[in-house]
Amino acid sequence: MDVDLRKLRYFVAVAEHLHFGRAAAALHIAQPVLSRQIRALEHELKSQLFDRTKRATALTRAGEQLLADARPLLAGADALQRRVQRAARGPDHFTVGFMPGLIVTPATRVLAARHPDLTVDVLRTGWDDQTEVVLDGRVDVSYVRLPVDQQGLQIRPLLAEPRVAALPLDHPLAAKDGISISDLADEHLLQNPDAVPEWRDIAVELRSGTGEPPRPIRTVEEKLEHVAAGHGLVVLPLSTATFYTRPDVTWVAIDDIGPNRVCLAWDDARTDPLIHEFVEIATAQAEQLSAPA
């Protein structure tokens, strides 16, 4: 039996929302169409995937297994499509990924000047996809912020910068010149705790299990909106905090945690000379910026 990827995408949407109406809205299709597609998938697999009642929708054991298998399968299909599209663009395109707060224009301008027939593009990434865009071919090389899973990647260290806590202006810690990470033990973190392992180790809400459920927040802009509203705080690299300056949020240096480390990352299976040329350009520029005046 050939698995229909479109039906799999529909199934994953329902499995993630556990609600046919919300899943249909997210997919921009009519709910009856979605229901028919799920029934067709269940018929093809000869398995019931959902327990449906008037009040709730839940995955069956077969549905849980399919969800576990479908996500990497769909991700692989998406990556294949991007790699084919990258190959179709030919050797005259080069794309650089970058995390918020990092300015990559000086390096991309040098590369473009050296290769006038080369189209150099940029792609803004986030915490969740900063290495994914390298491995699936959306970018040729990317500026990443550690920690990241380095499997399948080549990594070149570039620079390090302090980390700060972004706080609402009326927060009790907002007026301090510097704080300790232990001062934040009682706070709610509005980001993946893995991004701030020092906080994760002392966080009261994680030890007690009393924390709020995680919010689906992806961008720095969204995080700072929640900070300004008093919903919690975020820990940011200094360049990101200063780049996204706003009047209702301030930042305070955290004195006793290590810096955020910025690196270049690229697929270790690729041997494109342009990648290595760009890495050398960016490395040289980073060394110039860090050299004593």
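Cut-offs applied
Residues numbered from 1 in each chain as written. Predicted model: local features only at pLDDT ≥ 70, side-chain atom pairs only at ≥ 80, totals over all residues. Heavy atoms only, no water. Pairing = 2+ DSSP bridges. Helix = DSSP H or I, 4+ residues; strand = E, 2+ residues; numbered from the N terminus. Salt bridge = Lys/Arg side-chain N within 4 Å of Asp/Glu carboxyl O. Buried < 20%, exposed > 50% of the residue type's maximum accessible area, 1.4 Å probe, protein only. Expected span 1.5 Å × (residues − 1). Contact = heavy atoms within 4.5 Å. Phe/Tyr/Trp six-rings, centres within 6.5 Å; stacked < 30°, edge-to-face > 60°.

1. Some details on the sheet that holds strand 8 (residues 178-179)
Spatially, the four strands line up as an open sheet ordered 8-10-7-9, and their pairing is mixed. Looking at the sheet topology across the chains shown, the edges are occupied by strand 8 and strand 9 (234-237).

2. Quick word on the pattern of salt bridges
Enumeration according to the criterion identifies 16 salt bridges in this entry. Glu-132 is paired through a salt bridge with Arg-138; the nearest N and O atoms lie 2.8 Å apart. In this structure Arg-138 comes out as partly exposed when scored by relative accessible area, which is 25%. The structure contains a network of salt bridges with shared partners spanning Asp-4, Lys-7 and Glu-44.

3. Observations regarding helix 11 (residues 273-290)
Along an α-helix, residues three or four apart share an orientation, since each turn contains 3.6 residues. For helix 11, which comprises 18 residues, the first-to-last C-alpha distance of 26 Å matches the rise-based estimate of 26 Å (1.5 Å per residue) to within 8%. Restricting attention to buried positions, one finds in helix 11 the residues Leu-274, Ile-275, Phe-278, Val-279, Ile-281, Ala-282, Thr-283 and Ala-286. Buried residues along helix 11 sit against strand 3 (93-98), helix 5 (105-114), strand 5 (141-145), strand 6 (153-161) and strand 11 (260-267).

4. Notes on the packing of aromatic side chains
The full count for this structure, using the stated rule, is five aromatic pairs. Taking the centre distance of 5.8 Å and the plane angle of 45 degrees together, the rings of Phe-94 and Phe-278 count as tilted. Taken together, the positions of Phe-94 in strand 3 and Phe-278 in helix 11 put the pair 184 residues apart, joining distant regions of the chain. On the basis of relative accessibility, which here comes to 0%, the residue Phe-278 falls in the buried class. Look at Tyr-143 and Phe-278: their rings are 6.2 Å apart centre to centre, the planes differ by 85 degrees, and that puts the pair in the edge-to-face class. Of this pair, Tyr-143 sits in strand 5 while Phe-278 sits in helix 11; the two residues are 135 residues apart in sequence, bridging distant segments of the chain. Look at Tyr-143 and you get buried, because its relative accessible area is 8%. Three or more aromatic residues link up through ring pairs in this structure, and these residues are Phe-11, Phe-20 and Phe-50.

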